[in-house]
Amino acid sequence: MRVVFLTEMTTTIAKMMENGAQLFARLDGRRSLKDIEPHIFPDGAGPVQGDVVEFHGTEGSGKTETLFHLVSHCILPVDRGGLEVEVMFVDTDYHFDMLRLVTVLERRLGEEAREEDGVAAAESEVQVRACLARLYVVHCSTSVQLLLTLHHLESTFCSRPALCLLVIDSISAFYWVDRSGGGESVAKQEANLRRCSELLERLLRDCRIVVFATTHAIMRNYRHSGQASTASLTPAAAETSSSSSWRQWSSTHASDFDRPYLSRAWQRLVTHRLLFSKGEVTQDKKQLFSAACTTTRTVGAKCSSFCVMEGGVQFL
Amino acid sequence: MVVLRDGMCPGLSEEMVVALRAADITTVEDLLSSDTEDLAQKCSVSYKALLAVRRVLLAQHTAFPVSGDDLYEDLMSSTAIVSTGNSSLDKLLDSGLYTGELTELAGGPGSGKTQVCFGVTVNISYQLKQSVIYIDSTGGLSASRLLQILQKICKLEEQMEALQRIQVYRVFDIFSLIDCLQSLQCTGLQRASAGGGSVKAVIVDSVSAVISPILGGKQNEGMSMMMQVAGVLKTIAKDFNVAVLVTNTVTRDCNGNLKAGLGQSWSHVPRTRIILQRFESPGSTCSSLRTATLAKSSRQPCLLKEEFDLQCWGRSEDQLYEVSGKRKLEKNSPY
């Protein structure tokens, strides 16, 4: 009996010990993404370690393009104006377009060097490869697989201090399948997402990473639809608006599809919310997009508009 | 939900499963989400054994991250661009259907969705000599029309060869569609490539015909099944590296513009979407002219518009050269 107890003790101690890399990663290794894109995030309120940014928008409102813009900024080397950090991209929508990311990277690398000869092209290829080596992609096809993959990634995050950003595109991909799979009970319907959120919470706390996640806008906001200004006067809206700044913002600027519908456990984690919408088409046939950022640390929303060019997102 | 069973991984004995079940741990998710140390105490199983089981289960069920560098390498060597056989459509799609992606054709009745599917099918089976899986859910597939297109462009024995490379599955409800897709997934598209050449495209004409009857109301089984279809199609596209082409109906949004049917959740599913319309021009009697608008793409600017003729797939090469006046690659149509 005593022997069993001792072995259990040693394994527990072994579990509590960590190597230098893990300690470094846990304490101060990660870089902050605070200045990742001053156009989108409010001054001084960019995502720092432990923050979760939610990208919310309908189909074709520029979420993925913005993600690519931010991811390419992260993986570009410092001497090219990037952050030179590693990124883990979890693709649940099977929408990750590597060719597009490479185009964006090539454009950003080629901004300074414009030679057209073969040497420069080969060099740019090497540079793109070097950038891509800082990116990891994982595809998940069910919510269970997502949960288990996140469990598996926990150790990866602990041992790689350069890995600063976890991108989940999208966290709402399994919403309908989970809802129907859980039967009548809401707790069961949300079980997997709740567990994912709990795990993410731990990752955010222990490893100090930043999470970017997209959510599809699929729920129509019936309460606010149409008369947004009168809606803010109703007691229900007034009550929610006092709770957080983005509710207040959205009750006056509501688009039809901005209702958060995912599990509360997830909503609680989100510190920044980016609301994407499609704007009008300009005279020279450019589609405008806009993003409104609200955070838990600032009041009001920071709006930015951009258009998508061949080389990626361009802010106006 | 993956239920824990004995023998599902080495080290997971029957006693352990029973002990875990007593502590309300029935699935792999339960096991991995709970604290191993507490669990070992609660179920009085060895911590070491539980940790080993946990490791094996994780290795069995997770997806593994691939370095972006390797993924790019893979992609460059495996991605094929399958020409549709129509230069206007190819121009919209940035030279064709990309393998590994889901492309959607949306359009009202008579806008030429099925004809485009036929054209793409014939082009892949005859010009590119590759196999096609055609899943027909409307009964709209007409073998004689396929033959008619082929007759105009090739000789008898080639026609038969080309037709043999087209595998047709008929499904008339969502259950048989999911069944069919899952069995294709299990066999790895092996059986379908019997006619020679590997499968390069899976065409579903149409998804809306089987999905729209189960949507609506306050129930969410319909939505769930729709997303399952989407999931299987996307995994087939990626895992077997084939191009998936689906057709969909259209509705109008509040401004009166055409948009693809099946609602918001489906709208996120295809990577590329083309909206087909009849070409409306006063005095035009030719009914085979259509316009195609790019509604969603990650490679080209959206709202690009092209006109094309549905009859172009039935033209022989001689006619093609006659019209274009110079020798072109066979994938180019006269426009």
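Residues numbered from 1 in each chain as written. Chains lettered and ligands numbered in written order. Predicted model: local features only at pLDDT ≥ 70, side-chain atom pairs only at ≥ 80, totals over all residues. Heavy atoms only, no water.

Draft legend 1. How the structure looks around the overall build of chain B. For chain B, the count of helices and strands is 14 helices and 13 strands. For chain B, long-range pairs separated by at least 24 residues make up 64% of all intrachain contacts whose partners lie at least 6 apart in sequence. Total accessible area on chain B is roughly 15000 Å²; 51% of this is exposed by carbon and sulfur atoms. (Helix = DSSP H or I, 4+ residues; strand = E, 2+ residues; numbered from the N terminus. Contact = heavy atoms within 4.5 Å. Areas by Shrake-Rupley, 256 points an atom, 1.4 Å probe, with all protein chains shown as cover.)

Draft legend 2. Spatial organisation of the confidence of the model for chain B. All names here are of chain B. When pLDDT is averaged across chain B, the result is 84; 90% of the residues are at 70 or more. Predicted confidence in chain B is weakest over helix α14 (residues 317–324), with a mean pLDDT of 45, and strongest over strand β8 (residues 243–248), with 95. Contacts from residues 318–335, a stretch scored under 50 in pLDDT, to residues over four places away or in other chains number 26 contacts. Scoring of the predicted complex yields 0.84 for pTM and 0.85 for ipTM. (pLDDT = per-residue confidence, 0-100.)

Draft legend 3. Structural detail: the sheet that holds strand β6 (residues 272–281) of chain A. Strand order in the open sheet formed by ten strands is β9(A)-β8(A)-β7(A)-β6(A)-β1(A)-β5(A)-β4(A)-β2(A)-β3(A)-β1(B), and the pairing between neighbours is mixed. What marks the edges here is a single partner per strand, and that holds for β9 (312–315) of chain A together with β1 (66–67) of chain B. (Pairing = 2+ DSSP bridges.)

Draft legend 4. Representation of the environment of S297(B) within the structure. Residue and element names in this part refer to chain B. Structurally, S297 is set in the loop between β12 (289–296) and β13 (305–309). Along the primary structure S297 and P270 are separated by 27 residues, whereas in three dimensions their C-alpha atoms are 9.2 Å apart. Once you skip the residues sitting within four places of it in the chain, S297 turns out to touch R271, T272 and C302. Reaching out from S297, the side chain makes a polar contact with the backbone nitrogen of R299 at a distance of 3.0 Å. In this structure the side chain of S297 is engaged in a polar contact, spanning 3.2 Å, whose partner is the backbone nitrogen of Q300. (Polar contact = N/O pair within 3.5 Å; in protein donor to acceptor, adjacent residues only side chain to side chain.)

Draft legend 5. Quick look at the interface of chain A and chain B. Chain A puts 51 residues into the contact, and the matching count from chain B is 51 residues. Approximately 4600 Å² of surface area, both sides summed, lies buried where chain A meets chain B, with 60% of it carried by carbon and sulfur atoms. One can count seven salt bridges joining chain A with chain B. Residue E73(B) is joined to R129(A) by a salt bridge in which the shortest nitrogen-to-oxygen separation is 2.8 Å. On the surface where chain A and chain B come into contact, there are 18 residue pairs in polar contact (both at pLDDT 80 or more). (Buried area = accessible area lost by both parts, 1.4 Å probe. Salt bridge = Lys/Arg side-chain N within 4 Å of Asp/Glu carboxyl O.)

Draft legend 6. Here's a closer look at the domain arrangement of chain B. The domain boundaries assigned to chain B delineate domain 1 (14–61) and domain 2 (79–323). Look at where the C-alpha atoms of domain 1 of chain B and domain 2 of chain B centre, and you get two points 47 Å apart. (Domains from an automatic or database assignment.)

Draft legend 7. Seen up close, the side chain of H216(A). Mapping H216(A) onto the fold places it in strand β5 (residues 210–216). Side chain to side chain, H216(A) and H268(B) meet in a polar contact 3.0 Å long. Setting aside its immediate chain neighbours within four residues, H216(A) contacts H56(A), G57(A), K63(A), D93(A), S170(A), S172(A), Y261(A) and H268(B).

Draft legend 8. Broad picture of the nonpolar core. Counting residues in each nonpolar core, the largest one holds 71 residues, and the members touching the most others are L166(A), W266(A), I135(B), L233(B) and W266(B). Considering every element that reaches this core, the biggest residue donor is helix α12 (residues 221–239) of chain B, with ten residues. In contact with L233(B), other than residues within four places in its own chain, are L102(B), L181(B), V204(B), V207(B), V244(B), V246(B) and W266(B). By size, the runner-up hydrophobic cluster in this structure holds 43 residues, among which are F55(A), F68(A), C74(A) and L109(A). (Core = buried A, V, L, I, M, F, W, Y, C linked by side-chain atoms within 4.5 Å. Buried < 20%, exposed > 50% of the residue type's maximum accessible area, 1.4 Å probe, protein only.)

Draft legend 9. A look at the packing of aromatic side chains. Residues and elements named next belong to chain A. All told, the structure shown has ten aromatic pairs over all chains when counted by the stated rule. With centroids separated by 5.9 Å and ring planes inclined at 10 degrees, the aromatic side chains of F55 and F276 adopt a geometry described as stacked. Here F276 lies in strand β6 and F55 lies in strand β1 (residues 52–57), a separation of 221 residues in the sequence. The pair F55 / F276 is uniform in exposure class, with both members buried. Relative to Y261, the ring of Y175 has its centre 4.8 Å away and its plane inclined at 75 degrees; by these criteria the two rings are edge-to-face. Of this pair, Y175 sits in helix α7 (residues 175–181) while Y261 sits in the loop between α12 (245–253) and α13 (264–269), placing them 86 residues apart in sequence. (Phe/Tyr/Trp six-rings, centres within 6.5 Å; stacked < 30°, edge-to-face > 60°.)

Draft legend 10. How the structure looks around the side chain of S208(B). All names here are of chain B. On the secondary structure map, S208 appears in helix α11 (residues 207–211). Accessibility expressed as a relative area gives 3% for S208, which makes it buried. Polar contacts involving the side chain of S208 include one to the main-chain amide nitrogen of T249, which spans 3.5 Å. Beyond its immediate sequence surroundings of up to four residues, S208 is in contact with P213, T247, N248, T249 and L262.

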